[in-house]
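One letter stands for each residue in the lines below.
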Amino acid sequence: MDENQTIDQDRILKINIEEEMKSSYIDYSMSVIVARALPDVRDGFKPVHRRILYGMQGLGNTSDKPYKKCARVVGDVLGKYHPHGDSSVYGALVRLAQDWNMRYTLVDGQGNFGSVDGDSAAAMRYTECRLSKMGEHIMDDLEKDTVDMDDNFDGTLKEPRVMPTKVPNLLVNGGNGIAVGMATNIPTHNLGEVIDGCCAYIDNPDIDTEGLMHYIKAPDFPTGAYIYGIQGVKDAYETGKGRVVIRAKAEIESHESHDKIVVTEIPYGVNKAQLIEYIADLVKEGKIDGISNVNDESGRQGMRIVVDVKRDANANVILNKLFKMTALQSSFSVNCIALVNGRPRLLTLKECVKYFVEHRHDVTIRRTQFDLKKAQERAHILEGLIIACDNIDEVVHLIRASKAPSDAQRALEKRFELDELQSKAIVDMRLSQLTGLRMEQLHAEYEELEKLIAYLQSILDDPELCKKVMKDELQAVKEKYGDERRTEIKYSSEEFNPEDFYPNDPVVITVSHLGYIKRTALSEFKEQARGGVGSRGSRTREEDFTEFIYPATMHNTMLFFTRKGRCYWLKCYEIPEGTKDSKGRAIQNMLNIDSDDSVNAFLRLKGLDDEAFLNSHYVVFATKNGVVKKTLLKAYSRPRANGVNAINIVDGDEVVNVRLTNGSNELILANRNGRAVRFDEKAVRTMGRVSTGVRGMRLDGGDDEVVGMVVVNEADKESVMVVSENGYGKRSSVEDYRKTNRGGKGVKTLSITDKTGRLVSIKNVTDENDLMIINKSGITIRLAVSNVRVMGRATQGVRLINLTKKNDVIASVCKVMSSELEAADKNDDANEAVDTSERTGQLEDTHENNVSSSTPEHTEDRF
């Protein structure tokens, strides 16, 4: 017993458990890192993906063959190359076929392969698959010794160590994986962009990240949506780590009863069903108010998530809350770790491109060497066959005289100085090759082979030609599989100036009575002769009509003033674009306006960053009760999302006009009864932003009210244009209106009769201006001011527009630059003129308001 115990003790090795745990865990972790969780930088595949594609090719499961059961593919891969669980292989196979996970699918699946709602795929005994066209390109030239082959797990078969891919798969399809102590998360990209980036690197290996980003702009996700801000993308490309913000593609649809938020694209990796369920939970818990229902209307036409907004809720505010509180806005944390020479490394964009290009270079060289060797071997054989054909009689004689094929080979070798391969090919040659046609074919084939050998040798000898071959192959893949970018990039103002992406073109901003706004290119409106019928303008609902219309440029800042005296801000390029016939978008969805308020006046400014301009100009308000107020422009230079109080409005009053002045202008106010009062701006002292103002004009009482205000810049060059509700108008000299003190009743500016109707608009114009007139039925006319002669202020004027419909009246009047000047100033000279006029006090009309006896009152359901 003692001897046995001694023997057993001799077999026991005492080791330190800490050291054993360390070494064993390191071995395990390296096995996970290298053989399971991380992709190779060259082909972008983990071993399981590589083995699936190779196994499918071995089964002949290609795109031109019928589908095969996934269970058959999984079983073949398990049995030959990947001795792990079948669920891991099938899960990887399914992902290769899911077009919401892969930017370019490598497996063509038939059956239930899951959905973006998180549904799992059907069991592998039900589903079928085959390689996609691109999946086949991954393995192009695999048979030409382009990559190293390793033994499989039992040493009976060979499998590729890496794929000889022509597709930069690591960047194109991305990847994710969790190893031991590290993880990788690489976004998908657009194939065309990545290939262009690779070609740029081939041409210039010293290109930097910024240079590559001219080609590879940002990730391109299969689910589309928007990338918000480029800084996270830059960080990821420069360091390998970064945070990319993705926001869903959502639009607000305006309906008569209520607005709808329609989501058509969601961020990458978001489960649609869980997203909808979470939104519903937020509504039930009262964390988001204003949503009445959430529906998933997705179908064959694409994704469509509809969020119904309650009538009294602001759809724009609700959408912003959804972005903040749900996965409609999420982030993709880039962690670009891949295997480089079998070791994990954090890679920049340039390194990813570099290692792929180097891999393509190795594949190209090895393939060329293989093809060259094959071509040389074939040419060597052909040389022997050609010698035999040229001496056919002697060859036949030698063969007939030989007792055995080996004797014939030796005789041929001795006679014609051939080697064993050539002599064997001659002995094995069929008699049909002795025909004249076949002999010609041998010579032609040999000549072609000589050209091919020279070309292949030049690829090996000339690095520039090798680069050209690489680029041509990449461009061929791009032409065959490249598509448009799905994920749009929204450059935030902190990183790029949004104005850089919008030309500073002149536009017309149009607002309807019910509060729909749009911008339209000025060129859509054509000049017509005075007295014309006009052209069809905005197509609105029957109870709606265009009420405000004014000129601006794309880079201008718009200040919106409501009838209750609040101020809001928008850039002109933020206003939705529409045609002359379109309805536009509800202002309520763009500004946080109270439900019982409405926008009544506008200012157009070049910008809010010029301190000298802000401190030398003033905002002058006119209300319908005849009150005026003057405040320094700087008081309105700090935009706030919820707006600010611009003027204190008393009960029963509302803002009519807002004008920008230089502190030395003259003001003219006009009322509905056809009178106007002219006084110096200095008669109105400067007040604070929330003050009430002073009396500017004394009204007649009853339903009389102020309809407009004019800022006089140059009295000797300008004239006053007034328009009545029945389409009559006239021009009068500014000097016809004698200057008085503010608060007076004024003098007659238009002879009001039943024929003319009451006054609706007053403008200061020159011969270089055009008038744009829109009536309540939506008819638009543009006419040159120079066509209207200057006449006395007490006359009734001339007809400017024919009102063809019964009870139709003028709804809006605006002055714009004449079409002749537009034609002469094609290089943005018109915009410069506007900007200059703002600084010198010679201001264009920057807003409109029209109040007439036939204009419906503003109500709470205005929007």
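Every chain is numbered independently, its residues counted from 1 as its sequence is written. Where local features are concerned, this predicted model is filtered to residues with pLDDT of at least 70; where side-chain atom pairs are given and counted, the filter is 80 or more; whole-chain, interface and lining totals use all residues. The side-chain quantities take in all heavy atoms of the structure and omit both hydrogens and water.

This brings us to the overall build of the protein. Counting from the N terminus, the helices are the DSSP runs of H or I reaching at least four residues and the strands are the DSSP runs of E reaching at least two. Check the secondary structure of the protein and you find 21 helices and 41 strands. Calculation of accessible area relied on Shrake-Rupley with a 1.4 Å probe; when residues are assessed, cover is drawn exclusively from the protein chains displayed. In the form shown here, the protein has an accessible surface area of approximately 39,400 Å², with 47% of it arising from carbon and sulfur atoms.

This part covers a nonpolar patch on the surface. For patches, a residue must show more than 30% relative accessible area and have no salt bridge; joins then use 9 Å for like charges and 5 Å for nonpolar side chains, namely Val, Leu, Ile, Met, Phe, Trp and Tyr. Definition used for salt bridges: Asp or Glu carboxyl oxygen within 4 Å of a side-chain nitrogen of Lys or Arg. A contiguous nonpolar patch, built from I26, M30 and V34 and spanning about 240 Å² of accessible area, is present on the exposed surface. Inspection of the secondary structure puts M30 in helix 2 (residues 17-37). When a residue's accessible area, from a 1.4 Å probe over protein chains only, is under 20% of the maximum for its type it is buried; when over 50% it is exposed; and in between it is partly exposed. Take M30: its relative accessible area is 36%, and that puts it in the partly exposed class.

Our next topic: the UniProt feature "active site" (unreviewed entry) in the protein. UniProt positions are given in the numbering used here, feature names are shortened, and annotations may be inferred rather than shown by experiment. Per the UniProt record, "active site" (unreviewed entry) is found at Y126. Taking the relative accessible area as the measure of exposure, Y126 reaches 53% and is therefore exposed.

Looking now at the packing of aromatic side chains. Only Phe, Tyr and Trp rings take part, Trp by its six-membered ring, and two of them pair if their centres are within 6.5 Å. Stacked means planes under 30 degrees apart, edge-to-face means over 60, and tilted covers everything else. Under the definition given, this model contains eight aromatic pairs. Where F221 meets F332, the ring centres are 5.6 Å apart and the plane angle is 45°; that geometry is what we call tilted. Of this pair, F221 sits in the loop between helix 9 (209-212) and strand 8 (226-228) while F332 sits in strand 14 (residues 329-335), placing them 111 residues apart in sequence. The same class applies to F221 and to F332, which are both buried. Ring geometry for F621 against Y636: centres 6.1 Å apart, planes inclined by 55°, an arrangement best described as tilted. Here Y636 lies in the loop between strand 27 (627-632) and strand 28 (644-645) and F621 lies in strand 26 (residues 618-623), a separation of 15 residues in the sequence. Accessibility classification places F621 together with Y636 in one group, the buried group. Among the aromatic residues, those joined into a cluster by ring pairs are F221, Y268 and F332. Directly above the ring of Y228 sits R247, whose terminal nitrogen or CZ lies 4.2 Å from the centroid. Over a ring means this: the NZ of a Lys or the CZ of an Arg is within 6 Å of the ring centre and within 35 degrees of the ring normal.

This part is about a negative patch on the surface. Where like charges cluster on the molecular surface, the negative patch consists of D208, E210, D235 and E238. Note on placement: E238 falls in helix 10 (residues 231-239). What makes E238 partly exposed here is its relative accessible area of 46%. Charge assignment: positive for Lys and Arg, negative for Asp and Glu; neither His nor the chain ends contribute. Where a charge sits is defined by one atom per residue type, namely NZ (Lys), CZ (Arg), CG (Asp) or CD (Glu).

Let us now look at the sheet that holds strand 35 (residues 728-733). Spatially, 37-34-35-40 is the arrangement adopted by the four strands of the open sheet, whose pairing is antiparallel. Strand pairing shows two members of the sheet lacking a second neighbour, strand 37 (759-765) and strand 40 (798-799), which therefore form its edges. When DSSP finds at least two bridges between two strands, those strands are taken to pair. As defined by bridge partners, strand 34 (residues 719-724) adjoins strand 37 across six bridges and the pair is classed as antiparallel. Note on strand 37: the bridge partner recorded for V723 is S761.

All right, on to the side chain of D43 then. Within the secondary structure, D43 is located in the loop between helix 2 and helix 3 (47-58). At 2.9 Å, the side chain of D43 forms a polar contact with the backbone nitrogen of M163. Filtering out sequence-adjacent residues up to four positions away, D43 remains in contact with R50, V162, M163, T165, N169 and L170. Polar contact is the term for a pair of N or O atoms within 3.5 Å; when the atoms are in protein, one must be able to donate a hydrogen and the other to accept it, and sequence-neighboring residues count only if both atoms are side-chain atoms. Contacts were defined at the residue level, with two residues in contact if any of their heavy atoms lie within 4.5 Å.

By secondary structure assignment, the location of I305 is in strand 13 (residues 305-309). Exposure remark for I305: the relative accessible area of 2% places this residue in the buried category. Leave out the neighbours within four places in its chain, and I305 touches I261, V262, V263, I266, K272, L275, I276, V294, N295 and D296.

Right, let's talk about unusual backbone geometry for a bit. At D141, a residue that is not glycine, the phi angle is positive and equals roughly 70°. As for its position among the elements, D141 is in the loop between helix 6 (133-138) and strand 4 (149-151). If you check the backbone angles, N341 has positive phi at about 55° while not being a glycine. The topology assignment puts N341 in the loop between strand 15 (337-340) and strand 16 (343-346).

Let us look at the sheet that holds strand 32 (residues 694-695). Taken in spatial order, the four strands of this open sheet run 29-26-27-32, and their pairing is antiparallel. Only two strands of the sheet have a single neighbouring strand rather than two, namely strand 29 (655-661) and strand 32. Here two bridges tie strand 27 to strand 32, and the two strands are oriented antiparallel to one another. Within strand 32, the position partnered with V627 by the bridge is R695.

Let us now look at the pattern of salt bridges. Two side chains with opposite charge may pair up if their charged atoms get near one another. Taken as a whole and assessed by the stated rule, the structure comprises 44 salt bridges. Note that R42 is salt-bridged to D40, the shortest N-O span being 3.0 Å. Residue R42 is classed as partly exposed on the basis of its relative accessible area of 28%. Judged by relative accessible area, D40 falls into the buried class, the value being 9%. Where E351 meets R345, a salt bridge forms, and the shortest distance between an N and an O atom there is 2.8 Å. Overall, the relative accessible area of 21% leaves E351 in the partly exposed class. Bridged by salt links that share partners, the residues D145, D148, D150, R161 and R366 form one connected network.

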